[in-house]
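Breakdown of the fold
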Amino acid sequence: MNYYSLNKKAPDASFETAVRKGLAPDKGLYFPENISPLDDAFLNNIEKLSNVDIAFHAIKQFICPEIPEGDLKAIITDTLNFDFPIVQIEEGISTLELFHGPTMAFKDVGARFMARCLGYFNQDSTEEVTVLVATSGDTGGAVASGFLGVKGVRVVILYPSGKVSHVQEKQLTTLGQNITALEVDGTFDDCQDIVKRAFLDSDLTNQMALTSANSINVARWMPQMFYFMFAYKQLKHKNTPIVFSVPSGNFGNVCAGMLAQKLGLPFSHFIASNNANNVVQRYIESHQYNPLPSVQTISNAMDVGNPSNFIRIQELYNNDFEELKQNLSAYSFSDDETKAALLTIYKQSGYVADPHGAVGYLGCKSYKKEHPQAHTVFLETAHPTKFLDVVEEVIPKQIALPPQIQAVINKEKVATFVKNYSEFKSFLLEL
Ligand SMILES: *Cc1c(COP(=O)(O)O)cnc(C)c1O
């Protein structure tokens, strides 16, 4: 299948090119040229299929035969080696736990899938790809773990000094091999600016093939649709339409849910649950899209002022504002509301959520005020121990560290401190 640029000023690209480049030459995001609904037999029998079979069936139209079916299936099997359980929190509200992967963030699936696709394309190539990632915390860890040891790929992660959690920092800085961590004297926006500048710097691009591994990359974005299908598989017997509440930052995850819906999954509605960074909520209310600089919150993986995937959502709805509004509600919550929700969830059900999941829960609550019968599912996008300082401040209980976290917490941090773009550039040229 070909992918076109949403800026419409670049040639169509194969899946391989879209994965290798990340962004089209005209700086547009790539989008698949066809989205064909899945057959009824698949949808009717989904509860009898394994997760790997569901994922394979859903995504093969976008990737085969460029990657042959057998190889794609192997990539998916390797990517999805953990569970995606649904846990009921209260009547009409469940959570879909997406944090059972190696770094306990939902980004594990996209990062592992993309890494394995690049690894497949690099099998017979001597060309090395350098993946640059700016992270506010979770992306870096998932990408580092996903790409560890992948042939022909080296990964350089930029994270803001002192602004990621202790656990996240350990996940970024302790792997070694083909993974390098750069601790940037600045904010997440500064990290992102360095990465953007690098892509435009011919001194660098003449010497190395650069790509990015955030959700603008189709190989990270598309596999996120699997989660919504795994939820449907588990809830289908209830025979009630599902409303998903997705804690959103760059809007890749919720957009992947909408892609699943376009493929025929019978979801009834989406809720974009946001922290104070609420450009989409303001858009749904006013039809005005006015991005603002991001503000820092306790759900920091969603501190995004101008979500890069929103343009994909508009494409899915043919830029029809009314149709989008029918299908998407958006709410925004403060840090105080988020902390209160963490405590409420814990007191009512004994469940320990993380701050992002708590924002998702609040989205369900707001929606249910107007739709009391709705069956809502919020996505739990990270394990609470990744945000231990916030969670333990609110919840009167010590939270045990899961094995994935124990494995890194005492390892030694290795990171290079960089002050600015020129230090970064010299470092990269010598790497
Ligand atoms: C990245 C992330 C999000 C936001 O996902 P988007 O696809 O960028 O909207 C939410 N929660 C956590 C924990 C994350 O790491």
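All of these numbers come straight from a predicted model, not from anything done at the bench.

1. A closer look at the overall build of the protein
A tally of helices and strands in the protein yields 20 helices and 13 strands. For 431 residues, the compact-globule estimate of 2.2 N^0.38 gives 22 Å, and the protein sits close to it at 20 Å. In terms of its C-alpha atoms, the protein occupies a principal-axis envelope of roughly 60 × 50 × 45 Å. Burial analysis of the protein (431 residues in total) assigns 60% to the buried set. Restricting the contact set of the protein to residue pairs at least 6 apart, pairs at least 24 apart contribute 75%. As displayed, the protein has an accessible area near 16800 Å², and 48% of this comes from carbon and sulfur atoms.

2. Here we look at the site of the ligand
As a structural note, the neighbourhood of the ligand is formed by 15 residues, with Lys107, Gly249, Asn250, Phe251 and Thr381 the closest of them. Here aspartate 138 contributes a side-chain N or O atom positioned 2.9 Å from an oxygen atom of the ligand. At 2.8 Å from a nitrogen atom of the ligand is found a side-chain nitrogen or oxygen belonging to threonine 381. Within the complex, 97% of the 380 Å² of free accessible area of the ligand lies under protein. When atoms are counted within 2 Å of each cavity's grid points, the one that captures over half of the ligand is the largest cavity.

3. So, helix α5 (residues 107-121)
The terminal C-alpha atoms of α5, which comprises 15 residues, lie 21 Å apart, in line with the 21 Å expected from a rise of 1.5 Å per residue. For α5, a buried count of 15 out of 15 residues is recorded, marking the element as mostly surrounded by other parts of the structure.

4. What about the sheet that holds strand β7 (residues 179-184)?
As summarised here, the arrangement of the five strands in space is β8-β5-β6-β7-β13, forming an open sheet in which the pairing is parallel. Every other strand in the sheet has two partners, leaving β8 (209-212) and β13 (416-418) as the edge strands with one partner each. Geometrically, the sheet is characterised by an average inter-axis angle of 30° between neighbouring strands, direction not taken into account. Bridge analysis of strand β5 (residues 129-134) against β8 gives four bridges, and the strand direction is parallel. Residue pairing in the sheet places leucine 132 in a bridge with serine 212 of β8. Its contacts with the sheet place helix α6 (residues 138-147) against β5, β6 (153-160) and β7, and it is angled at close to 165° to β6. Sheet strands in contact with helix α8 (residues 188-199) are β5, β6, β7 and β8, and its direction is about 150° off that of β5.

Each value, and the rule that gives it
Residues numbered from 1 in each chain as written. Predicted model: local features only at pLDDT ≥ 70, side-chain atom pairs only at ≥ 80, totals over all residues. Heavy atoms only, no water. Helix = DSSP H or I, 4+ residues; strand = E, 2+ residues; numbered from the N terminus. Rg over C-alpha atoms; globule rule 2.2 N^0.38 Å. Buried < 20%, exposed > 50% of the residue type's maximum accessible area, 1.4 Å probe, protein only. Contact = heavy atoms within 4.5 Å. Areas by Shrake-Rupley, 256 points an atom, 1.4 Å probe, with all protein chains shown as cover. Near = heavy atom within 4 Å. Polar contact = N/O pair within 3.5 Å; in protein donor to acceptor, adjacent residues only side chain to side chain. 1 Å grid on protein atoms, 1.4 Å probe; cavity = no way out; pocket = protein on both sides within 12 Å on 5 of 7 lines; lining within 4 Å. Sits in = over half its atoms within 2 Å of the grid points. Expected span 1.5 Å × (residues − 1). Pairing = 2+ DSSP bridges. Axes fitted to C-alpha atoms, helices over the stretch in contact; angles between N-to-C directions.

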